[in-house]
Amino acid sequence: MALSDSITTCLSPPVHYVICKLGFEKKDTYDINHILSENGEVCWEALTEHLCYFESVKDQSVDYIKSIRALGPVCESVHLHFKSLTKEQFVTRYALWFHWTNCTELFLEVFDVLQYIQTTEVALGLMKLTSCLERALGDVYLLIGKDCPFLLRDLLASEQLAVVFGQAVMNLLRVFIGSPYGLNLRNVLWHGFASPEEIPAKYCAMLLFLTAGLGQLLQTHLLQSQCILVHRPYVIFMNLEELNIFPGKFLTTNLNDETLSIAEELVKLSSFVLKTMLPFWMAALSAFKQSRYADCAILLLPQLEVGLRLLFTTTNKCPNRLLTAEVKLLSKVNYDLMLARHLENEEVNQLPAVLEEPAMASEFLWDFLNHQEGPRIRDRLSHGEINLEVFPREVANQIVAFAITLLCRFSEEDMFAFKEHMVIKPLMNCASRYCSQFHPISRLKKQVLECMKSICLWPELPTVPEEHGEMIKGLEGNVDASILILMTSDIISQLQQYMPQNCYSTDDPINSVLTERLLIELCETRICTLYSPRPVLEVLVVLRKVSTQCHQVSDQVITSTELRFKQWMNKTLRSRQRHNYLRMLNSIKFLSPVLRLILIFITLELINVHLVCKKNPFDYQQYLKFLKSILQYTENLVTYTSPEKNKWDETIELTNKTLIKIRKTSDRKLMLMQLAT
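None of these values were measured; they are calculated from a predicted model.

Helix length check: helix α31 (residues 620-640) (21 residues) gives 30 Å between terminal C-alpha atoms against 30 Å at 1.5 Å per residue, within 8%. Listed as buried for α31 are Tyr620, Tyr623, Leu624, Phe626, Leu627, Ser629, Ile630, Leu631, Tyr633, Thr634, Leu637 and Val638.

Set out below in structure tokens:
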């Protein structure tokens, strides 16, 4: 029998007791009228009377065990109250009090779910409720505070929310969410510890009730303080094409019915799926079929974490860590730990090696979940940062497709027929070739290519008629532009031995077409992004800043050239402006090859410093000093070429000094490259 079949719960005995049994020990029948007035207001004083505190502690810390036990009948009463209402009655009495969340319809949907007690839907509703509630509480926090805490537990423990709602109210809320000592419903669901059957519906009902009550308290506070609650804008996924990993048909259309039917079969067979979690997987695929893409992602992401946790605990021989254990371990066995290079005991984590060979799963997971410039899907969904009504189909496509590859790969059954199926094989091939899109290395490559595209627009820029060419020559300062071009060519020639063949010309090293082709080929060089050493990351920071400055220079040149040409033709330039414009045209001659040289240099440095760090540790502080001098040059270029400054003579002098410095230090640079080769 597969291990995934034998596991009946991911909740440790203490946590299972707290969530599944503790709140059912008191059999009292509680009258809803004690906590709900005739006019529909929540009676917070009566509610908070059920909180228990440790008597010996000065700050009156909550005794969560006694509080959960005492609140059990209250939650049951709230649940029965909601079940007794029609949808129309619920909307009439409560809808107004959900407006503060900016997600009224979502809370009305949770009420619908509670009427039928479908365990998977209750769990899904609770996950959505907690994420939206957290977002709304963050908006309330910003009425008083400045930087909203990232973690729910810190948000609920903040003085700012206690000022608005009262400390006792916040203590009550923390019994259900936000404290690892309480029910901690949000975390056990979003981290995939709880199966559908392990979440009592009455706790979902209670949080729905409390959210309405918070709305009532907030209205009073807003009237007294004369403040207006402002909702932060949702995160919008830009450049969705960057998230398209899998084959063409998966990018523009939904995964088809045949693929989803195979996925349903894989879910039943794969050892990646805990059998107790099977309903979540089936509900996720069903949600996808119904175009409920946010629901699909919300259901699937915790299950990917469960499957990976199972692999993690198996490969690292720590099966006890599959369960929620002591409080200090609850939040540790998550994606961050599972994808880390080392375990807490400094032993090598075996999971990335298991994931890496068949599929670049680690890089995919880092891209979609962890990298700061990536979509960070799970964080943003669980913290309520995404508008669930417009969750992109493209993102759900990629998550489901990636899940299918894991289902196929990690199975004790003979999956050959599935892997070779015409709709599955392209997914497996794509996953095995995946390259990171959001690691700083990948972002630098993207920056370089975008900057190069901008510089390639320069030859298309309008210029003065040929009869003014002599005027341009007459305006040259102490340094001839041709000298700078020659020096640039000389430096590129020194670097050619480290470049791909057929991407440069010894006769014309700074040819724009060839340098563009060279940069494209250099950026296609595969570089492992997992566990980049600190020197590489520090170098990357500087190189990315250099690239950003180069792009800004290019944009400024394009804008200034187009504007000045128009003014020239309209004869609206004063004498000094005309001379300055001609100096700019003179400077552009050398500035284009210099910027292309810097981009080539950046890309070669990226490749070589990564290889050197893998082979030989080196004193990179001195190396960083040199790179920062290049950064200083590009920053000065941004200043000199800005429309406000237009210091083109200074640009020529500055570039001359920098090129001399680069050429003088080329031996050191070449030494670094030789170490890499």
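After that view of the structure, there is still more to cover.
Here we take up unusual backbone geometry. Although it is not a glycine, Glu346 sits at a positive phi angle of roughly 75°. Positioned with a positive phi, Lys571 is a non-glycine residue whose angle comes to about 55°. Summarising the element assignment, Lys571 is placed in the loop between α29 (534-569) and α30 (575-615).

Using the criterion set out here, one finds 19 aromatic pairs in the structure. When the centroid spacing of 5.3 Å and the interplanar angle of 75° are considered together, the rings of Phe288 and Tyr293 count as edge-to-face. Grouping residues by exposure puts Phe288 and Tyr293 together as buried. Through pairs of rings, three or more aromatic residues link up here, namely Phe82, Phe90, Tyr94, Phe98, Phe107, Phe111 and Phe209.

Counted according to the given criterion, the structure contains 25 salt bridges. With its nearest N and O atoms 3.7 Å apart, the salt bridge here joins Glu394 to Arg393.

In this model, helix α14 (residues 257-269) (13 residues) spans 19 Å end to end at C-alpha, consistent with the 18 Å of a helix rising 1.5 Å per residue. Burial in α14 covers these residues: Thr259, Leu260, Ile262, Ala263, Glu264, Leu266 and Val267.

Locating Lys445 in the fold gives a position in helix α25 (residues 440-455). A distance of 3.2 Å separates a polar side-chain atom of Lys445 from the backbone oxygen of Cys523. Excluding residues within four positions of it along the chain, Lys445 makes contact with Cys523, Thr525, Ile527 and Leu606.

A few words on the nonpolar core. With 160 residues, the main nonpolar core has Phe82, Phe176 and Phe391 as its most contacted residues. When residues are assigned to domains, this core turns out to be shared by domain 1 (13-225) and domain 2 (240-433), each giving three or more.

Below, the discussion takes up the confidence of the model for the protein chain. When pLDDT is averaged across the protein chain, the result is 87; 87% of the residues are at 70 or more. Contacts of residues 248-253 to residues separated by more than four positions or lying in other chains number 17 contacts, the stretch itself having pLDDT below 50.

Quick look at the packing of helix α6 (residues 104-116) against helix α12 (residues 201-225) now. Each pair of packed helices can be summarised by the angle the axes make with each other and by the distance between the axes. Packing of α6 against α12 leaves a shortest axis separation of 10 Å and a crossing angle of 150°. What the angle tells us is that α6 and α12 run roughly antiparallel. Considering only the axes of α6 and α12, their crossing is left-handed. Within the contact between the two elements, α6 uses Phe107, Val110, Phe111 and Leu114 and α12 uses Ala201, Cys204, Ala205, Leu208 and Thr211. When the residues that make up the contact of α6 with α12 are grouped by side-chain class, the tally is eight nonpolar, one polar and no charged.

Thresholds applied
Residues numbered from 1 in each chain as written. Predicted model: local features only at pLDDT ≥ 70, side-chain atom pairs only at ≥ 80, totals over all residues. Heavy atoms only, no water. Helix = DSSP H or I, 4+ residues; strand = E, 2+ residues; numbered from the N terminus. Expected span 1.5 Å × (residues − 1). Buried < 20%, exposed > 50% of the residue type's maximum accessible area, 1.4 Å probe, protein only. Phe/Tyr/Trp six-rings, centres within 6.5 Å; stacked < 30°, edge-to-face > 60°. Salt bridge = Lys/Arg side-chain N within 4 Å of Asp/Glu carboxyl O. Polar contact = N/O pair within 3.5 Å; in protein donor to acceptor, adjacent residues only side chain to side chain. Contact = heavy atoms within 4.5 Å. Core = buried A, V, L, I, M, F, W, Y, C linked by side-chain atoms within 4.5 Å. Domains from an automatic or database assignment. pLDDT = per-residue confidence, 0-100. Axes fitted to C-alpha atoms, helices over the stretch in contact; angles between N-to-C directions. Parallel < 35°, antiparallel > 145°, perpendicular 65-115°, else oblique. Left-handed = near helix turned anticlockwise from the far one by under 90°. Nonpolar A, V, L, I, M, F, W, Y, C, P; charged D, E, K, R; others polar.

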